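Structure assessment
Each chain is listed here by its residues.
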Amino acid sequence: MNLQNLKTRKCLNVACKSLRNPNRSSLSIAAHPRYVTYMKIQKRFSIYLILVIHCMSCFSHALSSKSYGDKPSLVVILVIDQFRSDDLTKLVFKKEGTGGLDYLAKNGAWFPFAEFESLQNMTCPGHATIFTGSQPASHGIGINEWYDPKIRGLTYCVQDDKDGFSPRRLRTTTVGDELKLSNSASKVISISLKDRSAIMLGGHSANYALWFNQKSTLWETSKYYKEGKLPTWTEKINVGLKSPGGNFESKNVKSAEAATKATLDLAVQALEKEGLGKNVTSDVLAVSLSSHDILGHDFGPNSSEIKEFTDIQNVLIGKFIDSLKKHMGNLDKTLIVLTSDHGIPPVIEVSRHNHIEADRMNTESLVTKINRELEKKFKAPSPWIVAAKNLHFFFNQEQLNKQNVPVEKLESEIKTILADEAMVELIYTKTDFKNGKFPPGVVGQQLKNSFISDQSGDFILVLKPFHFQKMLNLVTHESGWSYDRNVPLVFLGKNIKPGVYTNANIVDIAPTVSFLLGILPPAKSEGRVLSEIFK
């Protein structure tokens with residue numbers, strides 16, 4: 001009998017002992033048949049309740065005050081861009097798998113199918129959700145880009161008129177921000193090829209948020225962070241990148257390997273030169289690896305290129321963990337978190353080969369169709385739809401005012417026009433949101449979590465599973481379906497109990513890390529502390 005079964009038997013024995021020799025009433029009513037039946041029901045319920053209480057206490061896990069007081073000196077979060085849940089499950093169960101991803105999954109607390117609860121899963125909102133512990137509707141980043149009627153053009157999630165790029169559009173704090181508020185001496189550094197990834201992980205208070213400029217082929221930051229001054233160790237690396245081969249823009253496995261190695265090498269420099277994890281206070285190093293996403297868009301998740309690169313990435317992450325161990329001496333004072341910002345669907349041809357209905361929607365043609373039909377209906381020229389981005393569609397408000405057309409009327413006409421569009425699962429309007437009208441099921445909850453009144457489109461299209469917009473890339477991610485929302489989540493640390501776990505949401509990362517650091521969770525944190533993983 002294993003330890004767990006022994007604990008179960010002890011629980012049952014303790015529970016049953018407490019039910020022996022029950023007190024009996026001497027009143028005559030006790031002999032009444034109805035009363036006897038009632039007491040039998042009560043007794044059975046009491047047995048069940050006591051069993052539940054005793055067994056819950058036996059299986060619960062809590063950190064001792066001593067263990068809880070032993071805070072991690074360093075938190076390292078690794079985010080692999082566009083890394084689906086099955087990217088890791090397939091790798092871990094390969095006999096030859098011996099890299100860093102295997103090490104984390106086999107030695108850490110692994111949630112193979114952690115979930116985002118967003119309507120549209122993509123890079124900027126994904127990274128924001130990871131370290132704020134809140135949904136897009138709260139943290140303010142619903143998609144990568146959206147139409148701004150004030151400037152009559154698209155706005156980028158980290159765009160900033162003052163400093164070029166910044167986290168000013170992020171409407172809450174991150175784990176790093178809260179750590180700095182708790183102790184200003186703590187260091188927070190974030191690194192990624194993508195500016196939006198580095199900025200969303202770094203938050204408002206990062207010492208450095210560093211990303212790679214494809215045009216200059218150099219690591220850079222913005223004036224928002226330390227007035228744009230790079231650390232000296234980054235400047236030295238940039239000198240080497242000025243030579244031929246410094247550009248990682250090529251979309252092939254060799255380039256992806258070079259870019260990932262360069263990102264992790266920079267992270268090692270940050271560890272060593274900034275002395276991360278060796279200060280009196282705790283530090284945070286956040287690293288987002290973008291190359292998996294770049295390859296995935298062009299080749300798809302089932303491609304030989306992705307399979308080859310995943311093995312390479314596994315080895316590179318293993319080398320990074322070796323460097324981390326060397327820097328820290330061991331991992332006793334380090335908490336490592338591995339996750340992803342989103343997944344991706346199969347390419348259309350793969351889905352169809354497996355007899356799954358799939359197609360690409362031509363958004364430009366759809367907008368043309370809508371405008372043409374609205375011209376006929378209202379006998380007024382286009383454009384009625386002035387912009388479309390990430391399946392968000394925006395009305396020409398000047399046209400509506402000029403033609404005196406109520407928004408509700410226009411929405412109704414658009415639903416009629418799109419009624420025969422086979423790829424469309426749902427049309428959701430801003431009026432629906434204002435009226436508190438949400439569809440049932442998972443899509444309705446995702447809309448509640450993701451609709452931002454001053455950012456979301458006047459209407460949004462939810463496409464059917466395995467359908468997505470036609471783009472320059474072979475395949476893209478922009479839905480809340482399982483292939484886009486399910487990603488791996490792993491915690492590894494001294495107080496973390498290894499094993500395979502279920503039922504985690506990405507919003508749980510920030511409050512769990514905050515708890516282990518002994519700091520307040522981010523201001524709008526909505527997740528729970530994953531206490532089941534504690535030793």
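Residues numbered from 1 in each chain as written. Predicted model: local features only at pLDDT ≥ 70, side-chain atom pairs only at ≥ 80, totals over all residues. Heavy atoms only, no water.

1. Focus: the overall build of the chain
- Secondary structure assignment for the chain yields 21 helices and 19 strands.
- Considering the chain as a whole, with its 535 residues, one finds that 53% of them fall into the buried category.
- Taking the contacts inside the chain whose residues are at least 6 apart along the sequence as the reference set, 72% of them involve residues at least 24 apart.
- Of the accessible surface of the chain, which amounts to about 24,700 Å², a share of 53% is contributed by carbon and sulfur atoms. (Helix = DSSP H or I, 4+ residues; strand = E, 2+ residues; numbered from the N terminus. Buried < 20%, exposed > 50% of the residue type's maximum accessible area, 1.4 Å probe, protein only. Contact = heavy atoms within 4.5 Å. Areas by Shrake-Rupley, 256 points an atom, 1.4 Å probe, with all protein chains shown as cover.)

2. Description of the state of the cysteines
- The full count for this structure, using the stated rule, is one disulfide.
- Here Cys 124 connects covalently by a disulfide to Cys 157, the sulfurs 2.2 Å from one another. Across the S-S bond linking Cys 124 and Cys 157, the dihedral sits near 105 degrees, which makes this disulfide right-handed. With Cys 124 in helix α6 (residues 123-132) and Cys 157 in the loop between β4 (153-156) and β5 (159-160), this pair connects stretches of sequence that are 33 residues apart. Here Cys 124 and Cys 157 have matching classes, each one buried. (Disulfide = S-S within 2.5 Å.)

3. Observations concerning the environment of Ser 482
- With respect to the helices and strands, the residue Ser 482 is situated in helix α20 (residues 482-485).
- For Ser 482, a relative accessible area of 41% puts it in the partly exposed group.
- Separated by 17 residues in the primary sequence, Ser 482 and Pro 465 place their C-alpha atoms 8.9 Å from one another.

4. Description of the packing of aromatic side chains
- This model, assessed by the stated rule, comprises 18 aromatic pairs.
- Taking 6.1 Å as the distance between ring centres and 40 degrees as the angle between the ring planes, the aromatic pair formed by Phe 93 and Trp 110 counts as tilted. Of the two residues, Phe 93 is situated in the loop between α4 (85-92) and α5 (100-107) and Trp 110 in strand β2 (residues 109-115); the sequence distance between them amounts to 17 residues.
- According to the relative accessible area criterion, Phe 93 is exposed, its value standing at 62%.
- By relative accessible area, which is 4% here, Trp 110 ends up buried.
- Residues Tyr 428 and Phe 451 carry aromatic rings whose centres are separated by 5.8 Å and whose planes lie at 75 degrees to one another, so their mutual orientation is edge-to-face. One end of the pair, Tyr 428, is in strand β15 (residues 424-429); the other, Phe 451, is in the loop between α19 (441-450) and β16 (459-463), with 23 residues separating them in the sequence. (Phe/Tyr/Trp six-rings, centres within 6.5 Å; stacked < 30°, edge-to-face > 60°.)

5. Looking at the sheet that holds strand β14 (residues 392-395)
- Ordered in space as β13-β14-β16-β15, the four strands form an open sheet in which the pairing is antiparallel. Each end of this open sheet is capped by a strand with a single partner; those strands are β13 (385-389) and β15. When strand polarity is set aside, the average angle formed by the axes of neighbouring strands in this sheet is 20 degrees.
- Across two bridges, β14 lies against β16 in antiparallel orientation. (Pairing = 2+ DSSP bridges. Axes fitted to C-alpha atoms, helices over the stretch in contact; angles between N-to-C directions.)

6. Comments concerning empty space enclosed by the protein
- Taken as a whole and judged by the stated rule, the model has five cavities of 30 Å³ or more.
- What the largest cavity holds in volume is close to 120 Å³.
- Around the largest cavity, the lining is made up of 15 residues, and of these Val 462, Leu 463, Glu 478, Ser 479 and Gly 480 lie nearest the centre.
- Those elements giving two or more residues to the lining of the largest cavity turn out to be α19 and β16.
- The dominant element in the lining of the largest cavity, judged by the number of residues it contributes, is β16, at four residues.
- Residue composition of the lining of the largest cavity, by class: eight nonpolar, five polar and two charged. (1 Å grid on protein atoms, 1.4 Å probe; cavity = no way out; pocket = protein on both sides within 12 Å on 5 of 7 lines; lining within 4 Å. Points joined across faces, edges and corners; volume = space filled by probe spheres on them. Nonpolar A, V, L, I, M, F, W, Y, C, P; charged D, E, K, R; others polar.)

7. Some details on the nonpolar core
- The biggest cluster of nonpolar side chains holds 54 residues, and the ones touching the most others in it are Phe 111, Ile 130, Leu 489, Phe 491, Val 513 and Ile 533.
- Take this core: its biggest share by element is five residues, from helix α21 (residues 509-517).
- By size, the runner-up hydrophobic cluster in this structure holds 52 residues, among which are Trp 110, Tyr 208, Ala 259 and Leu 266. (Core = buried A, V, L, I, M, F, W, Y, C linked by side-chain atoms within 4.5 Å.)

8. Things to note about the confidence of the model for the chain
- Summing up the model confidence of the chain, the mean pLDDT is 89 and the portion of residues at 70 or higher is 87%.
- In this model, residues 1-30 is a region of pLDDT below 50 whose contacts with residues beyond four sequence positions or in other chains number 22 contacts.
- Low pLDDT, under 50, characterises residues 50-58; the predicted model gives this stretch twelve contacts beyond four residues in sequence or across chains. (pLDDT = per-residue confidence, 0-100.)

9. Some words on the layout of surface pockets
- If you add up the space inside the largest pocket, you get close to 1,100 Å³.
- Lining the largest pocket are 34 residues, and of these Asn 144, Glu 145, Lys 194, Arg 196 and Asn 473 lie nearest its centre.
- If you list the elements that add at least two residues to the lining of the largest pocket, you get α9 (195-202), β8 (208-213), α12 (291-299), α15 (363-378) and β13.
- Considering only enclosed or pocket space, the second largest pocket measures out at about 550 Å³ in volume.

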